[in-house]
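As a plain string of letters, each chain reads:
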There are 2 protein chains.
Amino acid sequence: MKKKRITIKDIANVLSISPAAVSKALNDDSRISAKTKEAVKRVAKELNYQPNHLASALRRGKSNLVGVIVPKTNSNFFSSVIENIEAVLNKAGYNIIITQSNESFEKECKNIDTLLYTQVDGIIASMANETVDLSFYEKIKSKGIPLILFDRGENDLNVDYIGINDYESSHMIVNHLVERGCKRIAHIGGFKRTRIFNNRIKGYVDALKKHNLPLDNELLLESSLTTEDGRNKMLELLALENRPDAVYIAGDYASLGALQVLNEKKIKIPEDIALVGFGNEPFTAMVTPTITSVKQHSEEIGKLAAKSFLDHVEKTTVTQNLNKIILDAALIIRDSSKK
Amino acid sequence: MKKKRITIKDIANVLSISPAAVSKALNDDSRISAKTKEAVKRVAKELNYQPNHLASALRRGKSNLVGVIVPKTNSNFFSSVIENIEAVLNKAGYNIIITQSNESFEKECKNIDTLLYTQVDGIIASMANETVDLSFYEKIKSKGIPLILFDRGENDLNVDYIGINDYESSHMIVNHLVERGCKRIAHIGGFKRTRIFNNRIKGYVDALKKHNLPLDNELLLESSLTTEDGRNKMLELLALENRPDAVYIAGDYASLGALQVLNEKKIKIPEDIALVGFGNEPFTAMVTPTITSVKQHSEEIGKLAAKSFLDHVEKTTVTQNLNKIILDAALIIRDSSKK
DNA sequence: TATTTTTGCTTAATCGTTTAAACAAATATA
DNA sequence: TATATTTGTTTAAACGATTAAGCAAAAATA
């Protein structure tokens with residue numbers, strides 16, 4: 001019942017030549033005559049031959065597969081990054097394997113093992129929120145497999161990184177809010193231990209200082225940045241005796257939660273409290289009022305991450321200098337913070 | 001500079017036994033002594049041995065990889081289906097490779113080729129809108145590789161299918177709108193050639209008949225169901241002399257476009273025109289007003305698709321009866337159509 | 001004690017490709 | 001014409017695992 005696989009041997013038999021010649025013909029080896037090549041390709045098509053990737057990858061020691069690890073595909077940012085990684089790598093003859101960590105350290109470790117086991121030629125990853133222990137990433141490095149991080153990265157791991165300038169983005173946001181006339185600007189930040197969120201916090205603190213605004217610790221909250229936690233942290237801020245007049249939230253999903261709370265309590269946005277999110281998820285332009293947010297250039301990040309990988313595999317030289325690319329983000333001003 | 005790979009041969013050398021014994025020990029073969037197994041596993045750990053998937057897959061003729069093809073990972077429905085497929089398959093020792101067709105027939109064909117080339121053990125797919133030519137799917141079948149379709153499937157391809165009852169869903173929606181008092185119900189449907197959208201249209205037409213409502217052809221439009229096209233089709237409906245008092249749209253993204261148009265024109269939802277979408281994307285609960293939509297049980301669909309694949313590989317019998325599973329969808333009533 | 005069965009391993013072939021090395025025939029060079 | 005080079009192919013050994021078959025030694029059975 002099972003269909004017999006067509007192999008190069010079958011093609012060789014038809015043409016009465018050796019399998020080696022067939023292999024070389026299919027790979028356009030210069031030492032094979034044009035006539036033979038043509039014949040081989042014709043017969044290959046006739047027999048509906050499909051090369052066996054496992055065999056060639058095993059022999060070549062190269063799978064032409066690249067693993068991608070993201071916290072969730074279900075966000076515009078990550079899905080767009082993936083799309084662009086894929087576009088660049090496909091052109092170079094690579095295919096990608098996408099895995100999700102669901103923000104779980106354990107799942108992320110499993111994913112790494114799976115990818116290594118599948119013999120990927122490289123890994124492009126954005127780390128889960130939970131991840132503190134870097135030993136699994138060290139494992140990738142120790143195998144000599146190119147590792148490229150984007151968005152969620154770690155300085156300690158001395159690897160290529162593509163991301164945006166989080167520190168500077170916070171400055172942009174605070175500048176914008178100050179210009180609007182806001183004086184008590186709160187910040188619902190992500191986990192401090194995650195580098196990008198820590199940088200956003202630092203940027204926020206320094207920007208306040210720059211504008212001679214006092215830093216009020218009750219206005220600086222740490223959050224998991226889910227919609228649910230956005231709601232909770234917003235409620236905390238509203239419970240304060242001295243409410244903020246603007247809230248900068250380090251993630252769009254959390255900013256959505258905050259927006260819902262403000263709408264429910266009939267607090268006017270941006271008149272009473274202005275709102276700024278982060279990530280420029282499509283829904284920020286869909287909700288009422290639309291939410292000001294920061295665009296992270298997902299297309300660019302995806303392309304650069306892929307190119308960074310290609311640099312590694314194509315460069316045979318030992319002069320492997322690290323690619324650390326920091327892009328400038330763009331503030332997309334919408335109704336939630338308009339003048 | 002490159003790290004030498006550790007193979008079973010290295011382990012064998014350390015223990016002065018044969019590579020075959022090592023392989024069997026690692027696979028818990030009953031003919032290997034407990035002592036040897038223990039020693040092998042200890043040394044494997046010490047040397048940080050990672051099995052070479054390519055080699056074992058080649059030899060076994062089984063890659064333990066399952067390919068997944070979806071139009072876009074960037075929708076809650078598909079990302080949730082994928083998550084659940086993965087959960088079930090991981091438990092059974094399989095890993096998945098996710099690919100996106102971006103609703104393009106050409107890309108979908110490429111994805112199929114990639115997956116076949118990677119020697120996946122099975123393919124779970126949801127077809128692109130564009131896809132009419134089924135020859136690439138026939139190719140999968142002709143190779144004897146299990147193929148399971150979900151959501152977007154085709155009856156002609158005689159394969160397993162998991163989806164919801166689209167025809168019945170339309171009835172549910174029309175019933176709900178009629179109950180609300182609506183008399184002129186419009187339908188912005190997907191492409192007729194896509195089976196699921198065609199079923200929704202049929203359900204709409206029959207439900208109108210059931211309620212003795214006239215079928216007005218200017219109220220039945222065909223759409224690509226993007227946000228942009230949702231806007232355009234809504235504008236078409238508003239241009240009618242005799243406007244509808246309810247619009248049932250076969251996709252949430254298009255319903256969002258329609259909602260934007262109605263909001264811009266200050267047409268009251270649901271008082272002037274009620275709105276119902278399809279898919280229960282999270283944003284339907286985020287926008288103002290929230291949009292009534294149909295929940296497709298993505299978790300269930302994902303799990304069932306994975307189980308269906310496992311059925312195929314585990315069943316060695318020839319009695320392979322087809323799994324055609326049709327789930328009942330659930331109508332989630334929100335502000336856009338509340339009484 | 002002699003014979004059979006079980007246990008625990010080894011040998012060698014195999015999966016489908018690639019590729020270094022060998023080699024004959026054709027062509028170029030001296 | 002003799003020698004060197006190029007061309008087009010074959011042979012055979014990999015890649016790293018699995019596995020059928022074989023074979024001693026140990027244990028069980030008669």
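Just so it is clear, the structure is predicted and the values come from calculations on it, not from any experiment.

Of all hydrophobic cores here, the largest spans 181 residues; its most connected members are Leu 89 of chain A together with Leu 89 of chain B. Leaving out residues up to four positions away in the same chain, Leu 89 of chain A has contacts with Val 66, Tyr 94, Ile 96, Ile 124, Ala 306, Phe 309 and Leu 310 of chain A.

This next bit is on the protein's contact with DNA strand C. As a structural note, the neighbourhood of DNA strand C is formed by 26 residues, with Ser 23 and Arg 59 of chain A together with Ser 18, Arg 31 and Thr 36 of chain B the closest of them. For DNA strand C, the backbone makes up 54% of the atoms found within 4 Å of the protein, where backbone means sugar plus phosphate. Contacts to DNA strand C include Ser 23 of chain A, whose side-chain N or O atom sits 2.5 Å from a phosphate oxygen. Put simply, the parts of the chain that give the surface near DNA strand C at least two residues each are helix H2 (19-26) and helix H4 (53-60) of chain A together with helix H2 (19-26) and helix H4 (53-60) of chain B. A total of 4 residues in the surface near DNA strand C trace back to one element, the largest contributor, which is H4 of chain A.

Around DNA strand D, the structure places 25 residues, and the nearest of them are Ser 18 and Arg 31 of chain A together with Ile 8, Ser 23 and Arg 59 of chain B. In DNA strand D, the atoms that sit within 4 Å of the protein are 52% sugar and phosphate, with bases accounting for the remainder. Contributions of two or more residues to the surface near DNA strand D are made by H2 and H4 of chain A together with H2 and H4 of chain B. With 4 residues, the top contributor of residues to the surface near DNA strand D is H4 of chain B. Residue classes in the surface near DNA strand D are distributed as 10 nonpolar, 8 polar and 7 charged.

Here we take up the pattern of salt bridges. Residues and elements named next belong to chain A. Here the structure, examined in full by the defined rule, presents 29 salt bridges over all chains. The partner of Asp 229 in a salt bridge is Lys 233, with the nearest N and O atoms 3.1 Å apart. In this pair, Asp 229 and Lys 233 both sit in helix H10 (residues 227-238), 4 residues apart, roughly one turn of the helix. For Asp 335, the salt bridge identified is with Lys 338, shortest N-O distance 3.5 Å. Given a relative accessible area of 37%, Asp 335 falls into the partly exposed group. Three or more residues joined by partner-sharing salt bridges are found here, namely Asp 28, Lys 37 and Lys 41.

All right, on to the domain arrangement of chain A then. Domain annotation of chain A identifies domain 1 (8-51), domain 2 (60-163 + 298-328) and domain 3 (166-296 + 332-337). Here domain 1 of chain A and domain 2 of chain A have C-alpha centroids that lie 36 Å from each other.

Turning next to the packing of helix H5 (residues 76-91) of chain A against helix H12 (residues 298-314) of chain A. Residue and element names in this part refer to chain A. At their nearest, the axes of H5 and H12 sit 7 Å apart, and the two run at 40° to each other. On the basis of the axis angle, H5 is oblique to H12. Where H5 crosses over H12, the handedness of that crossing is right-handed. Packed against H5, whose contacting residues are Phe 77, Ser 80, Val 81, Asn 84, Ile 85, Val 88 and Leu 89, the element H12 presents Ser 298, Glu 299, Ile 301, Gly 302, Lys 303, Ala 306, Lys 307, Phe 309 and Leu 310 at the interface. Looking at the contact of H5 with H12, its residues break down into 9 nonpolar, 4 polar and 3 charged.

Here the focus is the interface of chain A and chain B. Chain A puts 44 residues into the contact, and the matching count from chain B is 45 residues. Around 4,100 Å² of area is buried between chain A and chain B when both sides are counted, 53% of it from carbon and sulfur atoms. The largest share of the area that chain A buries against chain B comes from Leu 54, Tyr 117 and Met 286 of chain A, three residues that together contribute 16% of it. Our count for the contact surface shared by chain A and chain B stands at 4 salt bridges. Close ionic contact of Glu 83 of chain A with Lys 72 of chain B constitutes a salt bridge, the shortest N to O distance being 2.8 Å. Between the two partners, chain A and chain B, sit 7 residue pairs in polar contact (both at pLDDT 80 or more). Where the side of chain A that touches chain B is concerned, the elements lending two or more residues are H4, H5, strand E2 (95-100), helix H6 (105-117), helix H7 (135-142) and helix H11 (252-264) of chain A. Considered class by class, the residues forming the side of chain A that touches chain B number 16 nonpolar, 19 polar and 9 charged.

Take the environment of Gly 189 of chain A next. Residue and element names in this part refer to chain A. Position of Gly 189 among the secondary structure elements: in strand E6 (residues 185-189). The buried category is assigned to Gly 189, whose relative accessible area is 0%. Each C-alpha atom, one on Gly 189 and one on Ala 254, is 9.7 Å from the other, the two residues being 65 residues apart in sequence. Among residues more than four places away in sequence, those in contact with Gly 189 are Leu 221, Glu 222, Ser 223, Leu 225 and Ala 250.

A few words now on the relation of the copies chain A and chain B. When chain A is fitted onto chain B, the two copies agree to an RMSD of 0.1 Å after a turn of 180° and an axial shift of 0.0 Å. The transformation just described matches what one would write down for a two-fold rotation axis. Comparing contact sets, 100% of the residues at the interface of chain A also lie at the interface in chain B, consistent with an isologous, same-surface contact.

All right, on to the packing of aromatic side chains then. Counting across every chain of the model gives 8 aromatic pairs over all chains. Aromatic pair Phe 77 of chain B and Phe 78 of chain B: ring centres 5.1 Å apart, planes at 65°, arrangement edge-to-face. Both residues of the pair, Phe 77 of chain B and Phe 78 of chain B, count as buried. Centroid distance Tyr 94 of chain B to Phe 309 of chain B: 5.2 Å. Interplanar angle 85°. Geometry classified as edge-to-face. Here Tyr 94 of chain B is found in the loop between helix H5 (76-91) and strand E2 (95-100), whereas its partner Phe 309 of chain B is found in helix H12 (residues 298-314), with 215 residues between them in sequence. In this pair, the class of Tyr 94 of chain B matches that of Phe 309 of chain B, namely buried. By the ring-pair criterion, three or more aromatic residues cluster together here, those being Phe 77, Phe 78 and Phe 150 of chain A. Lying across the ring of Tyr 161 of chain A, Arg 195 of chain A places its NZ or CZ 4.7 Å from the centre. Here the guanidinium or amino end of Arg 200 of chain B rests over the ring plane of Phe 278 of chain B, the centre of that ring lying 3.6 Å away.

Reading guide: rules and limits
Here the residue index of a chain counts from 1 through its sequence in written order. Think of it this way: whatever chain is written first is A, whatever ligand is written first is 1, and the rest follow in order. This being a predicted model, a pLDDT of at least 70 is required before a residue's local features are given, and a value of 80 or more before pairs of side-chain atoms are given or counted; all residues contribute to the totals for chains, interfaces and linings. To get the side-chain values, take all heavy atoms of the structure and skip hydrogens and water. Only buried residues count toward a nonpolar core. Its members are Ala, Val, Leu, Ile, Met, Phe, Trp, Tyr and Cys residues joined through side-chain atoms within 4.5 Å. Buried means the residue's accessible area, taken with a 1.4 Å probe over protein chains only, is under 20% of the maximum for its type, while exposed means over 50%, and partly exposed covers the values in between. Contacts between residues were defined by any pair of non-hydrogen atoms, one from each residue, lying within 4.5 Å. Working definition: residue near molecule or strand if any one of its non-hydrogen atoms lies within 4 Å of it. Residues adjacent in sequence count toward polar contacts only when both atoms are side-chain atoms; beyond that, a polar contact is any pair of N or O atoms within 3.5 Å, and within protein one must be able to donate a hydrogen and the other to accept it. A run of DSSP states H or I qualifies as a helix once it reaches four residues; a run of E qualifies as a strand once it reaches two. Both are numbered from the N-terminal end. Note that Gly is not counted as nonpolar here; it falls among the polar residues with everything else outside the nonpolar set of Ala, Val, Leu, Ile, Met, Phe, Trp, Tyr, Cys and Pro and the charged set of Asp, Glu, Lys and Arg. In what follows, salt bridge is the name for a side-chain nitrogen of Lys or Arg lying within 4 Å of a carboxyl oxygen of Asp or Glu. Note: domain ranges come from an automatic or database domain assignment. Only the contacting stretch of a helix is used when fitting its axis, a line to C-alpha atoms as for every element, and angles between N-to-C directions run 0 to 180 degrees. Roughly parallel refers to an angle under 35 degrees, roughly antiparallel to one over 145, roughly perpendicular to one between 65 and 115, and oblique to any angle outside these ranges. Here a crossing is called left-handed whenever its near helix is offset anticlockwise from the far helix by less than a right angle, and right-handed whenever the offset is clockwise. Buried area is a sum: the accessible area each of two parts loses on coming together, probed at 1.4 Å, counted once for each and added. A least-squares superposition brings the copies together, and it is based on the C-alpha atoms of residues with pLDDT no lower than 70 in both. The criterion for an aromatic pair is that two Phe, Tyr or Trp rings (for Trp, the six-membered ring) have centres within 6.5 Å, with stacked assigned to planes under 30 degrees apart, edge-to-face to planes over 60 apart and tilted to the rest. In this analysis the charged atom, NZ for Lys or CZ for Arg, is taken to sit over a ring once it is within 6 Å of the ring centre and within 35 degrees of the ring normal.

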